[in-house]
Amino acid sequence: MEDCLAKKMEITVSEAEKRTGRNAMNMQETYTAYLIETRAVEPQSEGQCAPVDSLWRRYSEFELLRTYLSVTYPHIVVPPLPEKRADFVWHKLSADNMDPDFVERRRIGLENFLLRVASHPVLCQDKIFYSFLTQEGGWREVVNETGFQIKADSRLKALNATFRVKNPDKRFTELKHYSDELQSVISHLLRVRARVADRLYGVYKVHGNYGRVFSEWSAIEKEMGDGLQSAGHHMDVYAASIDDILEEEEHYADQLKEYLFYAEALRAVCRKHELMQYDLEMAAQDLTSKKQQCEELATGTVRTFSLKGMTSKLFGQETPEQREAKVKVLEEQIQEGEEQLKSKNLEGRDFVKSAWADIERFKEQKNHDLKEALISYAVMQISMCKKGIQVWTNAKECFSKM
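Residues numbered from 1 in each chain as written. Predicted model: local features only at pLDDT ≥ 70, side-chain atom pairs only at ≥ 80, totals over all residues. Heavy atoms only, no water.

In the nomenclature of an unreviewed UniProt entry, the protein chain corresponds to SNX4 protein from the organism Piaya cayana.

Set out below in structure tokens:
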């Protein structure tokens with residue numbers, strides 16, 4: 001961890017800017033660009049700070065970077081990006097992806113993504129990631145030249161592997177179930193939070209009604225007027241504070257959403273393992289089949305029914321020379337198959353070892369982050385309640401002076 005990029009470089013996404021341009025179809029579009037600023041932690045010379053380097057990136061470039069990392073490092077739980085369009089949003093807030101508040105939260109999320117990658121012991125050393133931070137022009141061409149798209153597995157192939165693997169690893173099966181449950185629980189928690197926020201908004205706005213009524217009442221009362229006016233003022237201030245409070249709540253919700261999206265990153269690791277296991281089983285099955293064919297040709301006996309066996313009976317047996325040539329070809333294929341199977345077994349063991357090391361790292365990070373987020377959320381709710389008590393305490397004093 002001492003060598004990670006986050007220790008050597010300060011990384012911030014400092015600004016978001018709405019822009020207009022033309023897409024690949026030469027159609028005009030409006031998009032948001034984000035300013036990434038980096039600065040070396042080590043000073044260039046004594047008493048002098050390193051200069052700040054900056055460049056602009058679109059959200060689609062962040063997506064391309066993450067796709068590259070996911071394909072290149074299939075055994076790693078790659079940090080997720082913040083949502084492109086708002087989801088699980090409390091309905092009083094805008095779900096428009098161009099809304100300034102949403103863009104600001106996404107800016108924070110993109111900065112968090114970069115810091116997550118820069119802090120990862122493996123991902124931080126990737127040259128493409130470093131060029132993403134430092135090379136503005138031609139970066140897309142550089143990442144595409146890596147040929148990572150060729151390595152990407154199709155969803156159909158992944159789905160096929162899921163249903164056809166005969167001996168799935170129990171640990172990865174349990175991990176996939178866990179990620180599904182984690183996603184379900186956090187989704188439900190976010191929906192509950194949105195409903196609570198809606199009720200809370202109503203409670204605060206009722207205080208605004210109190211403020212209006214007390215102010216109107218004060219106009220017709222001589223002796224009680226000042227007390228009612230002061231109490232109404234406290235109620236108005238309290239009611240107006242709800243918008244900032246719920247905006248702050250959305251930041252806590254974004255912390256939960258990060259792990260909602262991390263669940264998919266966990267499943268991606270599981271799918272890659274299933275694909276490797278499926279390829280291994282297919283290679284083993286093919287090798288067994290070739291060995292059986294070789295044995296049948298060498299002994300002249302057919303153990304199982306086959307179209308080839310029926311053809312031999314109908315049109316005559318092959319000559320010894322033909323069988324010998326086929327046996328030789330099969331023996332070469334068997335040797336290649338055994339080497340391939342050995343290689344796939346070794347690759348599978350390395351994948352499992354690396355994947356579980358990263359999953360353990362992820363679990364520690366998750367436990368720490370969610371604990372901090374939930375504690376902060378609880379502290380904020382307690383603080384809100386204390387403010388409510390203080391408002392009514394102040395109102396009580398105002399009423400007492402009447």
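Trainee: Could you give an account of the overall build of the protein chain, naming the residues involved and the relevant values?
Mentor: Looking only at helices and strands, the protein chain features 12 helices and three strands. Buried positions account for 39% of the 402 residues belonging to the protein chain. Considering only intrachain contacts with a sequence separation of at least 6, the fraction spanning at least 24 residues in the protein chain is 75%. Summing over all exposed atoms, the protein chain offers an accessible surface of approximately 24,000 Å²; the carbon and sulfur share of this is 53%. (Helix = DSSP H or I, 4+ residues; strand = E, 2+ residues; numbered from the N terminus. Buried < 20%, exposed > 50% of the residue type's maximum accessible area, 1.4 Å probe, protein only. Contact = heavy atoms within 4.5 Å. Areas by Shrake-Rupley, 256 points an atom, 1.4 Å probe, with all protein chains shown as cover.)

Trainee: So what about the pattern of salt bridges? Which residues, and what values?
Mentor: Across all of its chains, the model carries 22 salt bridges by this definition. Here Glu274 makes a salt bridge to Lys176, at a shortest N to O gap of 2.7 Å. In this pair, Glu274 is assigned in helix α10 (residues 242-299) and Lys176 in helix α8 (residues 170-218), connecting sequence segments 98 residues apart. The residues Glu274 and Lys176 share a single accessibility class, namely buried. The residue Arg212 makes a salt bridge to Glu216 at a minimum N-O spacing of 3.6 Å. Taken as a pair, Arg212 and Glu216 lie in helix α8 at a separation of four residues, close to a single helical turn. Judged by relative accessible area, Glu216 falls into the partly exposed class, the value being 48%. Taken together, the shared-partner salt bridges connect Asp180, Glu264, Arg267 and Arg271 into one network. (Salt bridge = Lys/Arg side-chain N within 4 Å of Asp/Glu carboxyl O.)

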